[in-house]
There are 2 protein chains.
Amino acid sequence: MKGLMMDCPLTVTSLMRHVNAQHGASEVYSLTVENPAHRSTYAEIFKRCAQLANALRRLGLNRGDRVATLAWNDYRHMELYYGVSCMGGVLHTVNPRLFPEQLQYIVNHAEDRYLFADPLLLPLLEKMHEAFPAVERYVLLCGKDALPESSVPGLISYEELIEGEDERYDWPELDENTASSMCYTSGTTGNPKGVLYSHRSTVLHTYASGLSDAINLRSADVVLPVVPMFHANAWGVVYCAPMVGAKLVLPGPRAGDPEALVAMMNSERVDVALGVPTVWLGLLNYLDASGRRLETVRNLVVGGAACPRSMMVDFQARYGISVCHAWGMTEMSPLGSVNAPTAGSAKLDDKALLAQRLTQGRAPYGVEMRLTDDDGNELPRDGKAVGRLQVRGPWVARRYYRAEESALKDGWFDTGDVASIDSNGFMNITDRTKDLIKSGGEWISSIELEDVAMTHPAVSEAAVIATPHEKWTERPLLIVCLKEGASAEADELIAWFEGKVARWWIPDGVRFADELPHTATGKVSKLKLREQFIAGGAAAS
Amino acid sequence: MKGLMMDCPLTVTSLMRHVNAQHGASEVYSLTVENPAHRSTYAEIFKRCAQLANALRRLGLNRGDRVATLAWNDYRHMELYYGVSCMGGVLHTVNPRLFPEQLQYIVNHAEDRYLFADPLLLPLLEKMHEAFPAVERYVLLCGKDALPESSVPGLISYEELIEGEDERYDWPELDENTASSMCYTSGTTGNPKGVLYSHRSTVLHTYASGLSDAINLRSADVVLPVVPMFHANAWGVVYCAPMVGAKLVLPGPRAGDPEALVAMMNSERVDVALGVPTVWLGLLNYLDASGRRLETVRNLVVGGAACPRSMMVDFQARYGISVCHAWGMTEMSPLGSVNAPTAGSAKLDDKALLAQRLTQGRAPYGVEMRLTDDDGNELPRDGKAVGRLQVRGPWVARRYYRAEESALKDGWFDTGDVASIDSNGFMNITDRTKDLIKSGGEWISSIELEDVAMTHPAVSEAAVIATPHEKWTERPLLIVCLKEGASAEADELIAWFEGKVARWWIPDGVRFADELPHTATGKVSKLKLREQFIAGGAAAS
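Keep in mind the model is a prediction, meaning the values are calculated, not measured. Throughout this document, residue positions are counted from 1 along each chain, in the order its sequence is written. Labels follow written order: the first chain is A, the first ligand is 1, and so on. For a predicted model such as this one, the threshold for reporting local features is a pLDDT of at least 70, and the threshold for listing and counting side-chain atom pairs is 80 or more; totals across whole chains, interfaces and linings nevertheless cover every residue. Derived side-chain values reflect all non-hydrogen atoms in the structure, with water molecules and hydrogen atoms excluded from consideration.

### Considerations on the sheet that holds strand β12 (residues 272-275) of chain A
Either a parallel or an antiparallel arrangement is found when strands of a sheet pair, and the pairing is made through backbone hydrogen bonds.
Residue and element names in this part refer to chain A.
Then comes step 1: Two strands pair under a simple rule: DSSP has to find at least two bridges between them. Helical segments are the DSSP runs of H or I of at least four residues, strand segments are the runs of E of at least two, and each set is numbered from the N terminus. One open sheet accounts for 8 strands, arranged β2-β1-β11-β10-β12-β13-β14-β15; its pairing is mixed. Strand pairing shows two members of the sheet lacking a second neighbour, β2 (38-41) and β15 (335-338), which therefore form its edges. Between one strand axis and the next, the sheet turns through 20 degrees on average, direction left out of account.
Then comes step 2: Bridge count for strand β14 (residues 322-328) against β15 is 3 bridges, and the pairing is antiparallel. The convention used is that axes are lines fitted to C-alpha atoms, helices contributing only their stretch in contact, and that angles between N-to-C directions extend from 0 to 180 degrees.

### Re the interface of chain A and chain B
Then comes step 1: It only takes one pair of heavy atoms within 4.5 Å for two residues to be counted as in contact. Each partner contributes residues to the interface: chain A has 76 residues there, and chain B has 76 residues.
Then comes step 2: Here, a salt bridge means any side-chain nitrogen of Lys or Arg that lies within 4 Å of a carboxyl oxygen of Asp or Glu. Inspection of the chain A/chain B interface yields 8 salt bridges.
Then comes step 3: The shortest N-O distance in the salt bridge between E176 of chain A and R200 of chain B comes to 2.8 Å.
Then comes step 4: Polar contacts here mean pairs of N or O atoms no more than 3.5 Å apart (in protein, one a potential hydrogen donor and the other a potential acceptor; neighbouring residues in sequence count only if both atoms are side-chain atoms). At the surface where chain A touches chain B, the tally comes to 46 residue pairs in polar contact (both at pLDDT 80 or more).
Then comes step 5: Of all the secondary structure elements, the ones that give two or more residues to the side of chain A that touches chain B are α1 (12-23), β9 (193-198), α7 (199-209) and α8 (237-244) of chain A.
Then comes step 6: A total of 7 residues in the side of chain A that touches chain B trace back to one element, the largest contributor, which is α1 of chain A.

### Remarks on the domain arrangement of chain A
Residues and elements named next belong to chain A.
Then comes step 1: Domains are outlined according to an automatic or database domain assignment. When its domains are assigned, chain A resolves into domain 1 (12-319) and domain 2 (436-533).
Then comes step 2: Computed from C-alpha atoms alone, the centre-to-centre distance between domain 1 and domain 2 is 34 Å.
Then comes step 3: Counting residues at the interface gives 16 residues for domain 1 and 12 residues for domain 2.
Then comes step 4: If you look at where domain 1 meets domain 2, you find 1 salt bridge.
Then comes step 5: In this structure, the salt-bridge partner of D451 is R309, at a minimum N-O distance of 3.9 Å.
Then comes step 6: Remark: the boundary between domain 1 and domain 2 carries 1 residue pair in polar contact (both at pLDDT 80 or more).

### Digging into the sheet that holds strand β6 (residues 137-140) of chain B
Residues and elements named next belong to chain B.
Then comes step 1: Across the sheet, which stays open at both edges, the 7 strands sit in the order β7-β6-β5-β3-β4-β8-β9 with mixed pairing between neighbours. The open sheet has two free edges, formed respectively by β7 (156-157) and β9 (193-198), since each of these has just one partner strand.
Then comes step 2: Bridge analysis of β6 against β7 gives 2 bridges, and the strand direction is parallel. When the bridges of β7 are listed, V139 appears paired with I156.
Then comes step 3: Contacts between helix α3 (residues 75-86) and the sheet are confined to β3 (66-70), β4 (90-93), β5 (114-117) and β8 (179-185), with β4 contributing the most and set at about 145 degrees to the helix.

Written out as C-alpha cells, the structure is:
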C-alpha cells in the first residue's frame with residue numbers, strides 16, 4: 001500500500017522557490033575584482049538567475065547540456081548554480097588551479113558547451129581556449145565596461161549576456177533524479193573523474209547539512225564559505241545558507257588572503273566560516289602576527305584534510321573560537337561527517353574530549369559507513385579496529401560520468417581512507433590507503449606523525465612519507481617547514497616524538513623544506529614530496 | 001540527463017539502521033503504569049522491534065495491514081512505531097480520548113487487524129471490542145504478570161507476544177512511497193478522516209524538523225514530547241530525536257500532570273519539551289503555585305493551538321524559559337511552521353519582537369504556503385492581507401484514506417485557517433475559517449480577542465464565539481474561566497478590551513464557566529461552547 005502524501009519532486013527549483021518566498025530579503029555580500037563590497041539579496045539573485053536562464057535559452061542550451069564555470073565564490077557564480085540547474089542544464093564547476101592538461105581533459109570529457117570565467121582567469125582562457133573545441137561560447141563574469149580586449153573568440157561579459165532579459169522564467173518541473181551539477185575529482189593518479197549530482201541528492205544533502213549537529217545554520221547567522229564553489233559545491237553552503245535564510249559572505253578571489261578574510265569577517269559579522277586547514281593555519285598565523293581578533297566568529301568548520309591538533313587548541317585558547325572538524329569528498333556531495341558532541345562528551349576529561357574532537361566526527365542520517373579489511377569482511381565499530389572506510393547513501397556517487405563500470409563494490413563506495421569508528425559513531429581517519437606506511441608488516445599512520453610534528457613550536461607545516469627500506473619494507477620520513485625566524489635541528493625534532501607515539505613509529509629521518517607542495521584543492525601533495533625527497537619515489541608511489 | 005548518485009530509498013528502515021549504528025547507546029526514559037522510570041536505549045528498542053516484527057509475522061501480518069495503537073508515550077509504543085512500519089505494515093495511532101462512536105468509526109474504517117492498548121485503557125477495550133469486528137488480536141502493553149483477567153477475547157500481553165522471538169529481523173527494502181503510518185483527523189464536523197503517511201514523507205519531515213531553526217535538536221540534548229504519540233506522530237519527535245541521537249523522555253500516562261512533568265524534567269535534565277498550550281498553562285500555574293523551578297529546560301515548543309501572549313511572557317520573565325511557537329496539522333505530518341528569529345529580529349523593540357514571536361513562525365524548506373481570497377486569488381505576503389492559508393509539500397496529504405476525491409484544490413491543501421504572511425515569511429493565524437466572527441461584513445478574529453482576555457490577571461482561560469445578531473449578522477461573546485480565588489465582573493472584563501482592539505471588535509457580552517470543554521486533542525471545543533451558550537448554537541455552527 002502506498003502512502004497518500006503529495007508527490008513533490010526534490011529539486012533545486014523547489015529550494016529556490018522556498019528561498020524566494022521566505023528569505024528573499026536575506027543578504028549576499030560578494031567581493032569581486034570589480035567591487036570590494038557588492039551587496040545583493042537572494043531575491044535579486046534569483047531574478048538574475050531568470051535573466052541568465054532566458055539568455056542561455058536564447059543561446060540554445062538544451063536540457064542536460066553542461067555549462068562550465070572557472071570562477072571564485074561570488075554572486076554571479078551563485079546565479080549560475082541556480083540558473084543553470086533549475087532550467088535543466090548541468091552546472092560544471094571547474095577548479096582553475098588544475099594543471100592545463102587536467103583542465104583540457106575535464107572540459108573536453110564533460111563536453112561543456114558554455115564556459116563562464118572570472119576576469120582574473122582570462123589569461124588562462126586565452127592560453128587554453130583552443131584546447132576546448134566543444135565550447136561554443138565564453139562569458140566573462142564582469143560588467144560590459146570591465147571586459148578587456150581579448151584573443152578569446154566571441155567573448156562577452158556576463159552583464160551584457162543577461163541585460164534586458166526577462167526577470168521571470170518559466171522554470172520547468174524537473175524529475176528529481178535529473179542531473180543538476182557536476183564536479184571532477186582531482187585524483188592524484190589517473191585521469192580526473194566526473195561526479196554527476198542530481199537535484200534529489202543535492203536537496204537531501206542540503207537538509208542534512210542544515211541539521212543542528214551538522215553545519216548548524218540559522219536564519220539569523222552569517223556564513224562565509226572560504227571553501228571554493230568550484231570544488232564539491234562549497235560543501236553545500238551555497239544551498240544550505242539560502243535554505244535557512246542565513247546571510248552569505250562570498251570572498252571572491254581573496255579567499256586565500258588572511259587579512260582580507262579578517263576584514264570581511266569583522267565588517268560583515270560572520271558567525272560561521274568553512275575551509276581547509278591550510279586556510280585556517282594562515283589565518284591563525286596572521287592573527288598571531290597582527291594582534292587582530294575575530295569579533296563575531298563562533299565556529300570555524302575545517303575539512304578537506306585532517307585538522308592539526310595544535311590549530312584546534314590554539315584557536316580555542318587564544319581566540320575563543322571553536323574549530324569543528326568535518327569530513328567529506330567530492331563523491332559525497334561532499335558531506336560525510338561532522339564532529340559534534342554527544343551527551344557522553346561532557347563527561348570526558350580535557351584530553352579525551354580533544355581526542356574526540358579531533359576525529360572526523362559522526363555521519364549524519366543519510367550517510368552509512370562501514371569498515372572492512374582487505375578481503376571485504378566488515379570490522380567492528382570499537383574505536384580500535386582500523387580498516388577501509390566505505391560509505392553509501394542518497395548523496396554518494398554510484399558511477400562516474402561516462403564510465404562504463406559502477407564505482408561501487410557490493411553496493412558500497414570505497415573512500416580510499418583508512419579509519420576506525422567507535423561505538424558512538426565517531427570516525428577517525430588514520431590515513432589515506434595510499435599514504436599508509438607499511439613497516440615490518442604493520443601500518444604506521446602518516447597523519448598521526450604529522451600531527452605530533454605540528455605540535456612542535458618551531459614547525460609550521462609537516463608531512464610524513466614512506467621511504468623504501470630493505471628490512472622493514474617502508475619507514476617514515478618527516479618533512480617540515482619551520483616557522484619564520486624559528487629554528488630546530490633534526491635530532492631535536494626526532495626526539496619530540498619520544499613518548500608520544502610507539503617507538504617503532506618514530507621517523508627515521510627529517511628533511512627541511514621552504515614550503516610544502518599542495519594539490520589544486522589545497523592538500524599537501526605527497527606525490528610531489530615523494531618525487532622530491534625519495535630517489536625513484538614517483539615510481540614507488 | 002539523470003544524475004549518477006546512489007539510489008537509496010528514504011525509509012524509516014534506513015533511519016532505524018542509522019540510529020542503530022550511530023546512536024544505539026542514547027537513552028530512552030519511559031514512565032509506564034508498571035514502572036515509573038523504565039530505562040532503555042535505542043539499540044535495545046530496535047532489538048525488541050525485531051522481536052515484535054517476528055511476532056507479527058507469526059500472527060500473519062501482511063504488507064500494508066494496519067496495526068492500531070491506543071497508547072501513551074512510552075518505549076513499547078515507540079517499538080510499534082518502528083517495528084510495524086519497517087516490516088511493511090501501517091501503524092495506525094488512535095486517540096484514546098475520542099468519543100466511542102468516533103473510535104468505532106476509525107478502527108472499522110481503517111480495518112485494523114491488530115490492536116495494541118495501554119493497560120489503563122483496558123476498560124475502554126472491554127466496552128468497545130465488540131464494535132471492532134475486523135480486529136483479530138488484542139495486545140496489552142504490559143508484562144505477562146501485569147495482564148489482568150479480562151472479557152476481551154484472546155487478550156495477551158506485549159511481553160508474552162514478543163518473548164523468545166529472534167532479536168534480528170530481515171527488514172525488507174521498501175519502496176519509499178510505501179505507507180508507513182496513519183492518523184485520523186478529529187474534525188469537529190463530519191466523520192474523522194485518515195491521513196496515510198509514507199516512508200518518504202516521514203523521512204523528509206524528520207530532516208526538516210531537525211533543522212536548527214525548527215525543533216533544533218542536538219545529540220547532546222534531552223527532549224520530552226508531551227504531545228502524544230497517538231496524535232500526528234508526536235510532532236515527529238519520535239523520529240527526529242533518534243535521528244540525531246538525543247535522549248527521549250516519554251511521560252506515559254502522566255503527560256497531563258504538571259507535578260510529574262516537573263519531576264521528570266528535572267531528574268532527566270530535559271532541554272526541550274513540546275506540547276499544546278493547555279499543558280504549558282497547567283505547568284505554569286503549577287510552578288507559580290508550588291514555587292518549584294525547571295532546572296534545565298531551555299525551550300518549550302508550543303503548538304496545536306495559538307500560544308497565549310501572557311504565557312510566553314510569563315515563562316520568560318519568571319522562569320527564564322523561551323517559548324517557541326510552532327504550527328502544524330495532522331494532514332502535514334504535522335510540521336508547518338516554527339518561530340525562529342531572523343537577522344532583522346534583533347533590531348526590533350520588545351513589543352514588536354513579542355508580536356513576531358507570537359506568530360506561528362516560518363515554514364521550513366518543504367512546506368510552501370500561500371494565501372487566497374474566497375475566489376482562489378492569491379493575496380500578497382505583506383503581513384496585512386488576511387486570507388485562506390493553503391499549503392503544499394512532500395509531507396502534506398493529497399487524499400484521505402479510502403476517499404474518492406483529492407483533498408486538494410489546484411494542487412494546494414486548504415488548512416481551514418485564516419492567516420497573514422509577512423515579507424519575511426512569518427505566518428500569523430488570525431482564526432479558523434469556521435471560528436471567525438462576521439460582523440457588519442467584516443471579520444473579527446476570535447483568537448485575538450481571546451488573547452486580550454487572557455492578559456487579564458483574573459482570567460485563566462478564555463474563548464470567544466459568534467452569536468447571531470440581527471443587524472450585524474454575528475457579534476462576539478466572551479466566555480471565561482477565572483483563576484482560583486480570583487474575581488472579576490463582566491463590565492470590568494469588557495472594559496479591559498478598550499484601547500487594545502478596535503471598538504467594534506469588543507465582545508457584546510461575557511459568560512462565566514467553571515471550565516472550558518476541550519476536544520480529544522486538547523483544543524477548546526467551540527462546538528460545545530456554542531451548544532452550551534447559544535440558543536440553537538449547534539445548528540448554527
